[in-house]
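Observations on chain architecture
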Amino acid sequence: QVQLVESGGELVQVGGSLRLSCAASGLTFTTYTMGWFRQAPGKEREFVAGITGIGGSTANADSVKGRFTISRDNSKNTVYLQMNSLKPEDTAVYHCAASRRIYVAAVMVRTSLYDYWGQGTQVTVSS
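Here's a quick rundown of the structure. (Residues numbered from 1 in each chain as written. Predicted model: local features only at pLDDT ≥ 70, side-chain atom pairs only at ≥ 80, totals over all residues. Heavy atoms only, no water.)

Brief notes about the packing of aromatic side chains
Two descriptors summarise a pair of aromatic rings, namely the distance from one centre to the other and the angle between the planes of the rings. One pass over the structure, following the stated rule, counts five aromatic pairs. Geometrically, the ring pair formed by Y114 and W117 is tilted, given 5.9 Å between the ring centres and 55° between the ring planes. Residue Y114 is classed as buried on the basis of its relative accessible area of 5%. A cation over a ring is seen here: R45 above W117, with NZ or CZ 4.7 Å from the ring centre. For R72, the ring lying beneath its charged end belongs to F29, and the centroid distance is 4.2 Å. (Phe/Tyr/Trp six-rings, centres within 6.5 Å; stacked < 30°, edge-to-face > 60°. Buried < 20%, exposed > 50% of the residue type's maximum accessible area, 1.4 Å probe, protein only. Lys NZ or Arg CZ within 6 Å of the ring centre and 35° of its normal.)

Things to note about the pattern of salt bridges
Summed over the entire model, instances satisfying the criterion amount to five salt bridges. Ionic pairing is found between R38 and D90, a salt bridge with its closest N-O pair at 2.9 Å. With R38 in strand β4 (residues 33-39) and D90 in the loop between β8 (78-83) and β9 (92-99), this pair connects stretches of sequence that are 52 residues apart. With respect to class, R38 is no different from D90; both count as buried. (Salt bridge = Lys/Arg side-chain N within 4 Å of Asp/Glu carboxyl O. Helix = DSSP H or I, 4+ residues; strand = E, 2+ residues; numbered from the N terminus.)

Thoughts on the pairing of strand β11 (residues 121-126)
Of the two faces of β11, the one holding T121, V123 and V125 is buried and the one holding Q122, T124 and S126 is not buried anywhere. Pairing of β9 with β11 involves three bridges; the strand directions are antiparallel. The residue bridging A92 from the neighbouring strand is V123, located in β11. (Pairing = 2+ DSSP bridges.)

Below, the structure is given as structure tokens:
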């Protein structure tokens, strides 16, 4: 079956950096658009970044532009989220997700279009 396993979340100081990883199995990785979402306590899940199957298109939420970068290594079935200049408001559980129904960056934000989700990894930014 399909599995998405996130890793790399931890406690970090304001201004610090983290790289999250999401390892996928049980699917043809290159045919899936991958996304990163986050959910803070008491808030709805929100889109962070997305990347199409061969990496030709990416999208980022306005709140992370210039600080976060999504990338993927199709040889390792893994998608990454490089997070720099972290702020307390970045504190959340970060989830990766996979979709075969997304082909353009404009709809990467749509949670309902993702077919599979990981359990998440906790990122805490301390001031």
